[in-house]
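Overview (structure and organization)
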Amino acid sequence: MELIKLDTRKCGVEVSEALKREAIEANELLHAGKGAGNDFLGWITLPSDITPEHLAEVNACAARLREKAEVIICIGIGGSYLGAKAVIDAMTDSFELLHKEHKNPIVLFAGQNISEDYLGEMLAALKDYSIATIVASKSGTTTEPAIAFRIIKEEIERRYGKEDAKNRIVAVTDKARGALKTLATNEGYTTFVIPDNVGGRFSVLSPVGLLPLAAGGVDITALVEGARAVEQATRPGVAYEDNISAQYAAVRNALYRDGKKIEILGSYEPKLVNINEWWKQLYGESEGKDGKGIYPASVTLTADLHSMGQYIQDGERTLFETIISVAAPKYDVRVGADADNLDGLNYLAGKRLHEINKMAELGVQIAHVDGGVPNLRVEIPTIDERALGALIYFFEKACGISGYMLGVNPFNQPGVEDYKRNMFALLEKPGYEEQTKAIKARL
Ligand code: PA5
């Protein structure tokens, strides 16, 4: 079964032979390791590089945490949390909290904000649950997760003592550098390494994503298998006509050059809402630089047809849309017949919701295309680990290709340093004395 089908028939733009060549050359450049940011290309072969032994080690650590804790708090920000959050949410029953029995621990996320109420509410809610934590930070110095980790670590040590805390805390970080590495070594925590050549937003298939996912009950072997299938299908030498990542990259660059500056990713499955968030980071941080880049936005449908639908249909014509379409649901829920038919829905009696959802999807597609919003469709067979792994790699590979076609280094993020400098100056971090004076004068 094909894990990803890309349908560009309604993209409304001609992809020239030159652009197709550009996409294929960008793919070859990625694999040759000769383009910009080439010290961060480890993600390209990550799926096929992952050994059964590595997966077993990750699963064993996850099993230890699952035994110890009803709730696992995953601490990280940006690429050190969005991938895990996206896949966990896609794979978890939407109403898990209402089930009396939980076959998996509840996975919560912290360190992706500095909200006092968020962490305060979390600590209060955790009172009656056993807990463990996975802290992920490649640099090991990012402020948001460092603050959350200090607080959660303190809570774990207070409850279980320093000795047992070691069995409840796992760090995922650089092999040698950073405050988190030093701390983990000094405290004797189990540690997993984020490879040097894998950047944050491309790290979901490293222990950054795999460990939280395994802890949450996700089949990481199937996830990696799905990714491996697309790694294989987009390898160098594959022709443009067969390379879905090259096609997606080429079409979005053709649209961008044609004035479409905003891409909206959406799906008709609310469980995929955090796939949108992961994708926004992947593309936003990779492409938005040097005054260039498609702005990545997102919607969840049909909900957002009743909020953003008006703008998409009728607002400024700088948009195009990419829809993740799920071919088959897991449940069978149908509309019943009603003798009075006061709501007028008997014409739908006996129909599955999925069929109605699909008609909404097709109707919206045609309406938006008619309204000047080109449409791309990425279809997965169903929401499972193999399909999600395939989707992740499909988007990662397309992002690398697309970034090169755009003429940027897709693997750096110089722009994210500016807010940090200001925040440190305002917090009077030692070493920032001059900046503190200057910024305070501007308040
Ligand atoms: O993609 C990236 O590199 C960033 O989004 C990082 O993942 C994010 O800033 C977190 O960094 P770190 O893992 O070093 O804490």
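Conventions and cut-offs
- Numbers given to residues run from 1 along each chain, matching the order in which its sequence is written.
- Confidence filtering applies because this is a predicted model: local features only for residues at pLDDT of at least 70, side-chain atom pairs given and counted only at 80 or more, and all residues used for totals across whole chains, interfaces and linings.
- Hydrogens and water are ignored here; the side-chain numbers use all heavy atoms of the structure.
- Start and end points for every domain follow an automatic or database-based domain assignment.
- Only heavy atoms matter for contacts: two residues are in contact if any of them lie within 4.5 Å across the pair.
- Buried area: the accessible surface (1.4 Å probe) lost by two parts on joining, summed over both.
- Throughout, a disulfide means two cysteine sulfur atoms within 2.5 Å of one another.
- Only protein chains enter the calculation, and the probe is 1.4 Å; a residue is then buried if its accessible area is under 20% of its type maximum, exposed if over 50%, and partly exposed in between.
- We treat two strands as partners when DSSP finds at least two bridges between them.
- Note on conventions: DSSP H or I runs of at least 4 residues are helices, E runs of at least 2 residues are strands, and numbering of each starts at the N terminus.
- Simply put, an axis is a line fit to the C-alpha atoms, just over the touching stretch for a helix, and the angle between two N-to-C directions goes from 0 to 180 degrees.
- Being near a molecule or strand, for a residue, means having at least one of its heavy atoms within 4 Å of it.
- Polar contact criterion, stated in full: a pair of N or O atoms within 3.5 Å, where within protein one must be able to donate a hydrogen and the other to accept it, and residues adjacent in sequence count only if both atoms are side-chain atoms.
- Values of accessible area rely on a 1.4 Å probe in the Shrake-Rupley scheme; residue burial ignores everything except the protein chains shown.
- Residue polarity is assigned by list, with Asp, Glu, Lys and Arg as charged and Ala, Val, Leu, Ile, Met, Phe, Trp, Tyr, Cys and Pro as nonpolar; anything else, Gly included, falls into the polar class.
- Each Phe, Tyr or Trp ring (for Trp, its six-membered ring) is paired with any other whose centre lies within 6.5 Å, and the angle between the two planes then decides the class: stacked below 30 degrees, edge-to-face above 60, tilted in between.
- A ring is considered to have a charge above it if a Lys NZ or an Arg CZ atom is located within 6 Å of its centre and within 35 degrees of its normal.
- Put simply, a salt bridge is a Lys or Arg side-chain nitrogen that is within 4 Å of an Asp or Glu carboxyl oxygen.
- Orientation labels follow simple angle bins: below 35 degrees gives roughly parallel, above 145 gives roughly antiparallel, 65 to 115 gives roughly perpendicular, and whatever is left gives oblique.
- Note on convention: the crossing is left-handed when the near helix lies turned anticlockwise from the far helix by less than a right angle, right-handed when the turn is clockwise.
- Consider the strands pointing away from the viewer: the crossover is right-handed when the path from the first strand over the helix to the second runs clockwise.

Remarks on the domain arrangement of the protein
Domain parsing of the protein yields domain 1 (5–36 + 224–406) and domain 2 (42–221). When each unit is reduced to the centre of its C-alpha atoms, the spacing between domain 1 and domain 2 is 29 Å. The interface is formed by 28 residues belonging to domain 1 together with 29 residues belonging to domain 2. Of the roughly 2,500 Å² buried between domain 1 and domain 2, counting both surfaces, carbon and sulfur atoms make up 63%.

Structural notes on the state of the cysteines
Counted by the stated rule, this structure contains 0 disulfides. A disulfide-free cysteine, Cys-11 has its sulfur positioned 19 Å from the sulfur of Cys-399, the nearest such atom. Residue classification places Cys-11 among the buried positions, given a relative accessible area of 5%. Overall, Cys-399 belongs to the buried group, its relative accessible area being 0%.

What about the sheet that holds strand S6 (residues 190–193)?
If you trace the 5 strands from one edge of the open sheet to the other, you get S3-S2-S4-S5-S6, paired in parallel fashion. Either end of the sheet is taken by a strand with one partner, and the two such strands are strand S3 (106–110) and S6. Neighbour-to-neighbour, the strand axes of the sheet open up by a mean angle of 20°, direction not taken into account. Across the sheet, helix H7 (residues 179–187) touches strand S4 (131–137), strand S5 (169–173) and S6, and the angle it forms with S5 is around 145°.

Some points on the site of the ligand
Taken together, 13 residues lie near the ligand, and Ser-80, Ser-137, Ser-139, Thr-142 and Gln-281 sit nearest. Within the backbone of Gly-79, one N or O atom sits 2.9 Å away from an oxygen atom of the ligand. Between Glu-285 and the ligand, the recorded distance is 3.0 Å, taken from a side-chain N or O atom to an oxygen atom. In isolation the ligand has 380 Å² of accessible area, and contact with the protein removes 87% of it. Across the shell around the ligand, the residue classes break down as 1 nonpolar, 9 polar and 3 charged.

Overview of the packing of aromatic side chains
Within the structure shown, the criterion is met by 16 aromatic pairs. Centre to centre, the rings of Tyr-81 and Phe-109 are 5.8 Å apart; their planes meet at 55°, and the pair counts as tilted. With a gap of 28 residues between them, Tyr-81 in the loop between strand S2 (71–75) and helix H4 (82–91) and Phe-109 in strand S3 connect regions that are remote in the sequence. By relative accessible area, which is 16% here, Tyr-81 ends up buried. Aromatic rings pair up to connect Tyr-248, Trp-278, Trp-279, Tyr-283, Phe-394 and Phe-395 into one cluster. The cationic tip of Arg-168 hangs over the ring face of Tyr-160; the distance from NZ or CZ to the ring centre is 3.5 Å. Of note, Lys-261 hangs over the ring of Tyr-256, and the distance from its end group to the ring centre comes to 4.4 Å.

Some remarks on the pattern of salt bridges
Across all of its chains, the model carries 32 salt bridges by this definition. Residue Lys-68 is joined to Asp-164 by a salt bridge in which the shortest nitrogen-to-oxygen separation is 3.1 Å. Here Lys-68, found in helix H3 (residues 52–68), pairs with Asp-164, found in helix H6 (residues 143–168); they are 96 residues apart in sequence, far enough to count as distant. Between Glu-163 and Lys-166 there is a salt bridge, with its nearest N and O atoms 3.2 Å apart. Of this pair, Glu-163 and Lys-166 both sit in helix H6, 3 residues apart, which is roughly one turn of that helix. On the basis of relative accessibility, which here comes to 29%, the residue Lys-166 falls in the partly exposed class.

Looking at the packing of helix H5 (residues 116–126) against H6
Following both chains from N to C, one finds H5 and H6 inclined at 20°, their axes separated by 12 Å at the closest point. Looking at the two axes, H5 sits roughly parallel to H6. Considering only the axes of H5 and H6, their crossing is right-handed. Residues Leu-119, Leu-123 and Leu-126 of H5 touch H6, and the partners they reach there are Ala-148, Ile-151, Ile-152, Glu-155 and Arg-159. Here the residues of the contact of H5 with H6 sort into 6 nonpolar, no polar and 2 charged.

Focus: the pairing of S5
Within S5, 5 of the 5 residues are buried, leaving the element largely enclosed by the surrounding structure. Here S5 shows a buried face lined by Ile-169, Ala-171 and Thr-173 and a second buried face lined by Val-170 and Val-172. Bridging between S4 and S5 involves 5 bridges; their strand directions are parallel. Residue pairing in the sheet places Thr-133 in a bridge with Ile-169 of S5. With respect to chirality, the unit in which S4 leads through H6 into the neighbouring parallel S5 is right-handed. Two strands pair when backbone bridges link them, and S5 and S6 are joined in this way by 4 bridges, in the parallel orientation. Bridge pairing in S6 links Thr-173 to Val-193. On the question of chirality, the crossover connecting S5 to the parallel S6 by way of H7 is right-handed.

Re the sheet that holds strand S1 (residues 5–7)
What the 5 strands build is an open sheet, ordered S1-S10-S9-S7-S8; its pairing is mixed. Unpaired on one side and paired on the other, S1 and strand S8 (295–300) mark the two borders of the sheet. Across the sheet, the axes of successive neighbouring strands diverge by a mean angle of 20°, strand direction being ignored. Against the sheet, helix H13 (residues 353–370) touches strand S9 (319–326) and strand S10 (375–380), its axis set at about 165° to S9. Together, S1, strand S7 (262–267), S9 and S10 form the strand contacts of helix H14 (residues 385–406), whose direction differs from that of S10 by roughly 145°.

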